[in-house]
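Each chain, written out:
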Amino acid sequence: MGINASEKPLGKVFSTDYQFVIPAFQRAYSWQVSNMLQLVEDLEDAARDPEHPYFLGSLILVGGTDSTGRLYQVIDGQQRLTSLTIIIAILRDLETDPELVANLNTLILEEGNRLFGREAEPRLALRERDAEFFRNYVQEGNLESLFDLRDSDMESNAQRNIVQNTKAAYDALDALDEKERRALAGYLVSNVFLIIVRTDDLAGAHRIFDVMNMRGLPLTASDVFKAKAVSAIPLADRDIYGKRWDDAIDPLGDDVEAFFNDLLLVTSPKSGMRGPVDGFRIKVFDEYLKKNTAAEFINDILAPYARAWLMVNQPHAFALPQEVSDWLVSLNDFQSTEWKPVAMWALTNMGGLQSLTSGDVNGTAANAANDDTADTADTDGKTGKDADKAEQQVRKLVNLLAALERVTGVDNLARQTSAARRTRVVQILKDLKKGKDIAKSTGFAISDDERKTALARLRGELQATGTLKKLLLLRANDQQAGERIVRPRNINVVRILPERIGANSSFAVWPESTRDHWVDRIGNLVLTSTNEQIIAKLDSYAPRAERILAQHKSLKYPLTAELESVRELTPDVLERRQEEIVHLIAEYWRIRFDADKVDLTTLSEDHLTRGSGRSTTGSKRITIAQVIDAGLLVPGETLVWKRPRLGQEWIATVTRDGKLQLEDGSKHSTPTAAARAASGKASGAGLDVWRRQSNGQKLSEIWQAYRLKALGGRGQ
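Residues numbered from 1 in each chain as written. Predicted model: local features only at pLDDT ≥ 70, side-chain atom pairs only at ≥ 80, totals over all residues. Heavy atoms only, no water.

A. Region of interest: the overall build of the chain. Helix and strand counts for the chain stand at 31 helices and 15 strands. Within the chain, the fraction of its 716 residues that count as buried is 52%. Taking contacts inside the chain between residues at least 6 apart in sequence as the whole, the part at least 24 apart equals 71%. Carbon together with sulfur atoms contributes 48% to the accessible area of the chain, which is approximately 32,600 Å² in total. (Helix = DSSP H or I, 4+ residues; strand = E, 2+ residues; numbered from the N terminus. Buried < 20%, exposed > 50% of the residue type's maximum accessible area, 1.4 Å probe, protein only. Contact = heavy atoms within 4.5 Å. Areas by Shrake-Rupley, 256 points an atom, 1.4 Å probe, with all protein chains shown as cover.)

B. Fine view of the packing of helix H21 (residues 466-481) against helix H26 (residues 571-588). Running from N to C, H21 and H26 point in directions that differ by 80°, and their axes come no closer than 8 Å. Put simply, H21 runs roughly perpendicular to H26. Mapping the contact onto sequence places Leu472, Leu473, Arg475, Ala476, Asp478, Gln479 and Gln480 in H21 and Glu580, Ile581, Leu584, Ile585, Glu587 and Tyr588 in H26. A per-class count over the contact of H21 with H26 returns seven nonpolar, two polar and four charged. (Axes fitted to C-alpha atoms, helices over the stretch in contact; angles between N-to-C directions. Parallel < 35°, antiparallel > 145°, perpendicular 65-115°, else oblique. Nonpolar A, V, L, I, M, F, W, Y, C, P; charged D, E, K, R; others polar.)

C. Quick look at the nonpolar core. Ranked by internal contacts, the top residues of the largest apolar core, which has 95 residues, are Phe259 and Trp589. The element best represented in this core is helix H14 (residues 294-313), accounting for 14 residues. Setting aside its immediate chain neighbours within four residues, phenylalanine 259 contacts Ile249, Leu252, Leu302, Tyr305, Ala306, Trp309 and Met344. Residues Ile86, Leu176, Ala185 and Leu188 belong to the second largest nonpolar core, which totals 57 residues. (Core = buried A, V, L, I, M, F, W, Y, C linked by side-chain atoms within 4.5 Å.)

D. Representation of the confidence of the model for the chain. Across the chain, pLDDT averages 85, with 86% of residues at or above 70. Throughout residues 358-379 the model reports pLDDT below 50, and contacts reaching past four residues in sequence, or to other chains, amount to 31 contacts. (pLDDT = per-residue confidence, 0-100.)

E. Representation of the sheet that holds strand S1 (residues 3-9) within the structure. One open sheet accounts for six strands, arranged S1-S8-S3-S4-S2-S7; its pairing is mixed. Both edges of this open sheet fall to S1 and strand S7 (124-125), since each of them pairs with a single strand only. Taken together, the three bridges between strand S2 (residues 19-21) and strand S4 (residues 71-76) define a ladder with parallel strand orientation. Looking at the pairing, valine 21 lines up with glutamine 73 of S4. (Pairing = 2+ DSSP bridges.)

F. View of the packing of aromatic side chains. Inspection of the entire model under this criterion finds 11 aromatic pairs. When the centroid spacing of 5.0 Å and the interplanar angle of 80° are considered together, the rings of phenylalanine 147 and tyrosine 170 count as edge-to-face. On the criterion of sequence distance, the pair formed by phenylalanine 147 in helix H6 (residues 143-147) and tyrosine 170 in helix H7 (residues 157-174) is long-range, its members being 23 residues apart. Considering the side-chain rings of tryptophan 641 and tryptophan 690, the 5.9 Å spacing of their centres and the 65° angle between planes classify their relative orientation as edge-to-face. Taken together, the residues tryptophan 641 in strand S11 (residues 638-643) and tryptophan 690 in the loop between helix H30 (686-689) and strand S15 (691-692) connect sequence positions 49 residues apart. (Phe/Tyr/Trp six-rings, centres within 6.5 Å; stacked < 30°, edge-to-face > 60°.)

G. Structural detail: the environment of serine 565. By the secondary structure assignment, serine 565 is in the loop between helix H25 (558-561) and H26. Within the structure, the side chain of serine 565 is placed 2.9 Å from the backbone oxygen of glutamate 562, a separation counted as a polar contact. (Polar contact = N/O pair within 3.5 Å; in protein donor to acceptor, adjacent residues only side chain to side chain.)

H. The pattern of salt bridges, seen in detail. For the structure on display, the rule yields 35 salt bridges. A salt bridge links aspartate 174 to arginine 415; the nearest nitrogen and oxygen atoms lie 3.5 Å apart. Remark: arginine 415 occurs in the loop between helix H18 (384-413) and helix H19 (418-433) and aspartate 174 occurs in helix H7; sequence separation between them is 241 residues. The residues aspartate 174 and arginine 415 share a single accessibility class, namely buried. Between glutamate 450 and arginine 424 there is a salt bridge whose closest N-O contact spans 3.3 Å. Highlighted residues: glutamate 450 in helix H20 (residues 448-459) and arginine 424 in helix H19, separated in sequence by 26 residues. Per residue, the accessibility class of glutamate 450 equals that of arginine 424, and both read buried. Linked by salt bridges that have partners in common, Glu44, Asp45, Arg48 and Arg422 make up one network. (Salt bridge = Lys/Arg side-chain N within 4 Å of Asp/Glu carboxyl O.)

Here it is in C-alpha cells:
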C-alpha cells in the first residue's frame, strides 16, 4: 500500500489534479445549517487576517490508478468538500465581474478539453441518489430554482440539507459587501489548506482514517500554552500553578478553543478578531508578561474568566440569582456566540463572581451545582448596607444582560454579519471598561435602519433557521404572557398550514397563491410539545390543531392556546396572528417606534426596506410581481415550456397582477405552480422550464438578474 500526503491550497484541491467521487458506501451529506454557518463564519474570520493561512483538516482519498490518474474516492472529507462547493457556488452567483465568475466556475466544474480527452464534468460527484440534484442546482449555478423548491421536490434528507445549507450560506454571504466577498474568494483559493492523504488501497485508506481519528492523544495548543505559562513561574510554585491551571481549564472539556476565542475578545478587543489558542498566546499572553507575571495571569485572568465562561454556558449549574440565570438562558437560545465575551466580562467585573455565587473561584460547575452546603446568592448575614450594594450589583448585571439580549436579537433578526456583530461587541466592551452606562454606550444603541431591517424580515417570508424561529416565538409568547414562561423539556416549531397537502385537505380550497403566501410566515408558526413528525402526517386544520394542543404543556404558550378558540383556519386568522406576533416581538425588543415616534409595525415590508440601503432578499423566493415592478418582466408577454421529445408545449402569459395565466385561463402565483398545473405532475424547476418566447431566456436568469439588481441597490 503506497501512501502520499501533501498540503494543498483549495485552489489546487479544486483543480484538474483531482476528480472527487463519493462512494455509495459513504453516508449521505448530513451537515446541518449550524455546521455550514460555523464554516462560513470561520472562513470569514480567517480571511480578515490574510497573512495567516487557515487549516481545514485532512482529506483521505483512495484511487489515482485510473487512466487519467486523477479519479479519487473520498473516504474522509465529503462534508467539507460539499460545503465548500456550495460556498464557492454562492460566491459565483453573487459576483458581477464576468472574469471572476469564470474563475470561480472553474473551481466547481471541469471544463471539457478534447485534446486531453476530458469531458465537461463537476469536480465533485456526490452519491448517485443526490449527484444529479447537486449538479443541476448548485454546481451548474441554478440557485434561483433551488430557492424556489418546496419540501416535496426533494427526494432525500441529503437534498434537504443541501437546500437549507445553501440558503443559510447565501444569506450570510449576501450580507457581505462586494469587496469582502472578493477578499474571501481570494483567501479561499490561496490561503485555505487541506492535507491530502492518498493511497491506492481501500482497506488501507480505512486504516489511515482510524489512525488519524481514533488513536493517539497529541499535545493540544492549550497544552503548549500551559507549558509556557507554568515554565515562567518560579520552580517552587510550578506544581501549585500547574494544578490551578488544570482546575480552571479541565471543566471546559472540549471547549478550550472556544473559551480562548472569547477570552481574546475580552482581553484584547481592539481588532475584534477571533483566533486559535496559540493566537491568544501570541497576541495577549506574551504582551501580558511584559508588565505582569504568569502567576498573575492564572490568578487574575485565566481562573476567573474560565469560571465566568462556564457560568455563561451552563447557568443552571450555578447558584446564580434567578434573573441572571434567566437572561443567560435566553442568550444561549441564539446560535451566534459573539455576545459571550460581554457576558464573561460582566460576570467577572460587575461586583465579582463571589457576589453572584458561592464557592472558590477555581471550583467547577459540577461542584457548584452539587454542593448542598453552598449558600445561594442572597443577602443573608450581610449588613443592610452590604445587602443593598449586592442588590445594586445584581440589578446592574441584569440590566446589562437584558440589553445584550436585545441587541443580539435584533442583529440576528436583521441578518447582521458575524463581523458586524463582533464590531458591536468590541464597542460595548470598550464602553464598559471606560465605565459608561448602558444608555450612553453606542454599542447598545439600535438605529432606525436596524429596526426597519429587522421588522421587514419579520414581516416577510421568514427564511430562518429552526433555532431562530423557535427563539422568536418564545420571545413573542413571553411578551404576551407578561413574564418568562418556564419551558417544557421538549418544544417544537410547527406550521399550522402545512407545506404539503392532499386533495382532501381542508386547505385544498384555498388558492395556491394564498397557501404559498402564508406557509413560511411567522403568523403560520406555533410552539407545541407534540412530536413534529406526528403532526407532519396531518394535512387538515382540525386534526393538526388537535395534535398541536394535545399535550397540556403546549398550553403554557398563549399564542398556542389561542388555537383552542379557532374552529376554522382562514387567511384572516393567519393575518391577525401575523400582526400580533410582529407587534409582540417589536415590543419585546423595543423596536416598535423610530426616532420620530412612527409605529414601524404598521408599515409594510416594502415600506420598511425603502431607502434603507439594505436588501432583505437574501435567499428568499422572488415573486413574479417583484420582477414586474423591477421592469424585468412585462405584463402581456408570453412564456413557453417545450418538451420536444414528448411533443408537448405550453404557453403562459404574464398578467398585471403578478401571475402566470395558462391557455385554459387558470392563473398561478409562481412559475413552479404554473408548471405543475400545465403538466399535471410535480415539478420543482419551474424557473428552469419556462422561457421567454421572444428570446428564449430562462426565468431563472431573469430572477437572478433581479437578485443582483437588489444587491446593486445596496451601493456595492
